[in-house]
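Single-letter residue listing:
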Amino acid sequence: MKSKWKQTLCTVFLGVSMLMLTVTSVTGAPQEAGSVILDDAKAATPSQLEAQSAIIALGKFEPGLREYPTLRNVPGGKLVNYVQKFRILKSYKGTSVTVVNVINTGVFPRPATTNPLNLIYPGAFAENEDYIVFLKPISGTNYYSIAGILQGIYPIVSGRSIAFEGFGFKEFQDLPLQQMEQRIRGLLTR
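**Q** Just checking my understanding: could you explain the packing of aromatic side chains for this structure?
**A** To describe a pair of aromatic rings, one takes the distance between the centres and the angle between the planes. For the structure on display, the rule yields eight aromatic pairs. Between phenylalanine 61 and phenylalanine 86, the ring centres sit 4.9 Å apart and the planes meet at 65 degrees, which makes this aromatic pair edge-to-face. Taken as a pair, phenylalanine 61 in strand S1 (residues 55-61) and phenylalanine 86 in strand S3 (residues 77-93) lie far apart in primary sequence, 25 residues in all. One exposure class covers both phenylalanine 61 and phenylalanine 86, and it is buried. Aromatic pair phenylalanine 134 and tyrosine 154: ring centres 6.1 Å apart, planes at 70 degrees, arrangement edge-to-face. Within this pair, whereas phenylalanine 134 is found in strand S5 (residues 130-137), its partner tyrosine 154 is found in strand S7 (residues 153-157), the two being separated by 20 residues in sequence. Comparing phenylalanine 134 with tyrosine 154 shows no difference in burial state: the two are buried.

**Q** Sorry if this is basic, but what is going on with the nonpolar core here?
**A** Phe86, Val100, Ile103, Phe125, Tyr131, Leu135 and Ile153 are the most contacted members of the largest nonpolar core, which totals 27 residues. Residue assignment for this core shows that the elements contributing at least two residues are S1, S3, strand S4 (99-108), S5 and strand S6 (143-146). Sequence-distant contacts of isoleucine 103, that is, excluding residues within four places in its chain, are made with Ala33, Val36, Leu38, Asn81, Tyr82, Val83, Ile138, Tyr143, Tyr144 and Ser145. In terms of nonpolar packing, the next biggest core, distinct from the first, is built from 17 residues, Ala43, Ile56, Ala163 and Leu175 among them.

Cut-offs and rules
- Residues numbered from 1 in each chain as written.
- Predicted model: local features only at pLDDT ≥ 70, side-chain atom pairs only at ≥ 80, totals over all residues.
- Heavy atoms only, no water.
- Phe/Tyr/Trp six-rings, centres within 6.5 Å; stacked < 30°, edge-to-face > 60°.
- Helix = DSSP H or I, 4+ residues; strand = E, 2+ residues; numbered from the N terminus.
- Buried < 20%, exposed > 50% of the residue type's maximum accessible area, 1.4 Å probe, protein only.
- Core = buried A, V, L, I, M, F, W, Y, C linked by side-chain atoms within 4.5 Å.
- Contact = heavy atoms within 4.5 Å.

Okay, structure coming up:
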């Protein structure tokens, strides 16, 4: 089963890489999106992840990826902030809105799938796929970020949750969606 998760992770990243070939930069974009530096602080427990999240929801990233160059570079490329609209299908914690803007940082040009920079700067996520996300607001903006970067996002593939290896919590790994929802509700009642 572990190799299936790695294969799915590669599929998610490869899907994004193919998607990025069609992305065009938005002119006149809000300057603040390119200047945002994400907080990558990790939570030690699922309860801490829940506590730092204003929204916990099941949903999909919509088409219409926007990119905002930053002034930061890493070996092999430039850092870009990607803004994706996340459509909330089911909310477990937080807002009653149905769409939020999520910023995530990635490297352009996209490194090979095996490059460790992808784990620090994962970039955009595949559109129209189901995810459970733990989101926190970015102070002074109308944007959200994924709590703990890859720690706060769980793709739902074939009805089961995937915890990104080395980041996601094992308590959320390979669960049927209903059981994943029960675990999240359990965090909210503590």
